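Structure at a glance
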2 protein chains.
Amino acid sequence: MASTSARRRTAVSKPDDAPAWLASDRERLDLKLWVRLLACAHAAEQRVKTRIKDQFGINQTQFNLMSQLDRSPAGIRMGEVARRTVVTGSNVTAVVDDLERRGLVARQNADTDRRATVIKLTPKGRSAFAEMAPVHAEWILELFSELPDSEKRNLVRQLDGLKAAMRATLSTSL
Amino acid sequence: MASTSARRRTAVSKPDDAPAWLASDRERLDLKLWVRLLACAHAAEQRVKTRIKDQFGINQTQFNLMSQLDRSPAGIRMGEVARRTVVTGSNVTAVVDDLERRGLVARQNADTDRRATVIKLTPKGRSAFAEMAPVHAEWILELFSELPDSEKRNLVRQLDGLKAAMRATLSTSL
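Residues numbered from 1 in each chain as written. Chains lettered and ligands numbered in written order. Predicted model: local features only at pLDDT ≥ 70, side-chain atom pairs only at ≥ 80, totals over all residues. Heavy atoms only, no water.

Quick notes on the pattern of salt bridges
Summed over all chains, the structure comprises 20 salt bridges over all chains. A salt bridge links A:D160 to B:R36; the nearest nitrogen and oxygen atoms lie 2.4 Å apart. Residue A:D160 is found in helix α7 (residues 149-169), and its partner B:R36 is found in helix α2 (residues 20-56); the two belong to separate chains. The class of B:R36 is buried, set by a relative accessible area of 18%. (Salt bridge = Lys/Arg side-chain N within 4 Å of Asp/Glu carboxyl O. Helix = DSSP H or I, 4+ residues; strand = E, 2+ residues; numbered from the N terminus. Buried < 20%, exposed > 50% of the residue type's maximum accessible area, 1.4 Å probe, protein only.)

With respect to the sheet that holds strand β3 (residues 117-121) of chain A
Read across the open sheet, the 3 strands follow the order β1-β3-β2 (chain A); overall the sheet is antiparallel. Edge positions in the open sheet fall to β1 (76-77) and β2 (105-109) of chain A, since each of these has one partner strand only. (Pairing = 2+ DSSP bridges.)

Let's talk about helix α3 (residues 60-70) of chain B
Residue and element names in this part refer to chain B. The buried fraction of α3 is high, at 9 of 11 residues. Within α3, the full set of buried residues consists of Q60, T61, Q62, F63, L65, M66, S67, Q68 and L69. The N-cap of α3, judged by a side-chain oxygen 3.2 Å from the amide nitrogen of T61 a few residues on, is N59. (Polar contact = N/O pair within 3.5 Å; in protein donor to acceptor, adjacent residues only side chain to side chain.)

Examining the sheet that holds strand β3 (residues 117-121) of chain B
Residues and elements named next belong to chain B. Pairing in this open sheet of 3 strands is antiparallel, and the strands run β1-β3-β2 from one edge to the other. Both outer strands of the open sheet, β1 (76-77) and β2 (105-109), are each paired with one neighbouring strand and no more. Most of the contacts of helix α5 (residues 92-101) go to β2, to which it runs at about 110 degrees, and overall it touches β2 and β3. (Contact = heavy atoms within 4.5 Å. Axes fitted to C-alpha atoms, helices over the stretch in contact; angles between N-to-C directions.)

Observations concerning the interface of chain B and chain A
Contact with chain B, which involves 67 residues of that partner, is made by 67 residues of chain A. Both sides together, the interface formed by chain B and chain A hides about 7,200 Å², and carbon and sulfur atoms give 70% of it. The interface formed by chain B and chain A holds 4 salt bridges in total. If you look at where chain B meets chain A, you find 8 residue pairs in polar contact (both at pLDDT 80 or more). Elements supplying a minimum of two residues to the side of chain B that touches chain A: α1 (2-11), α2, α6 (123-143) and α7 (149-169) of chain B. Considering every element that reaches the side of chain B that touches chain A, the biggest residue donor is α2(B), with 24 residues. Here the residues of the side of chain B that touches chain A sort into 35 nonpolar, 12 polar and 20 charged. (Buried area = accessible area lost by both parts, 1.4 Å probe. Nonpolar A, V, L, I, M, F, W, Y, C, P; charged D, E, K, R; others polar.)

Some details on the relation of the copies chain B and chain A
Of the two same-sequence chains, chain B is brought onto chain A (RMSD 0.0 Å, axial shift 0.0 Å) by a rotation of 180 degrees. Each copy turns onto its partner about a two-fold axis. Closest approach to the rotation axis among the C-alpha atoms of chain B is made by B:A41, whose C-alpha sits 3.1 Å away. When the interface residues of chain B are mapped onto chain A, 100% of them again fall at the interface, so both copies present the same face. (Least-squares fit on C-alpha atoms with pLDDT ≥ 70 in both.)

Written as structure tokens, this is what we have:
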């Protein structure tokens, strides 16, 4: 493990003649950013996640899927659903099965490829989401209500920069 | 649900005479920030989470707990461990049991209160963490390596502002 660490350490653009404090300073800045980013996201998500469960009776993954289906009237292929929800580590089949049991989504054969399964919102699902979406948006507004709009705009721009920077180093897509 | 939405909408500091587009514009900005924040955090976390599991053989919650224990030589009370790891939704007892089985942490009675249980790193756990920490730090450095330091500093400052702003609206602490 020590040799892996040493190899990686060399790989991270630090000139050979740089003073030792430079690497440690850089490490501190990066770890600080890492901790802040995760703490903010977790705090925000935790609050909204609990409210989704309590007030809508579905979980966050299911709400996010309904939101994506609401923007995709032609439906989303099952394989694509799996790809999009992979970050949450949820069992995609269970997520879709449960929404189907509630009559909120339906599985259909794809128009273009009869072997592929496509998920769509049912009319009941569409109207349920139309009621949930503005409530959900209000929670987000409330959560960020103490931050000035100028700082929100700055943060969006900065996070876009971070996303692009991570894309350049990540093999997995954002 | 519609009436809840209407009530909340009124509560969000929008002057009565404001044009309708103002609320919708604000909603768009807030939702954009929400999506960016979660997408960045998830992408970053997913990559590192997988590496922790693959290379250290423990999960992210266990790594984070060992990191906290490394900074707390006197140990952390079981109740405090539960509070700190609650955001991940993990089963705290299972997390600690598994680390204890591997000989990385030990349960002890608290010095100040014999009824309270305190978790500490064992010497083996401390030396294992000393090997993991620099490797983990290199992953973070690699992840953020394409972002200029000036933007990292800006982001840290902005996220601190967001954290403070959310604290002002959240009853749960960050």
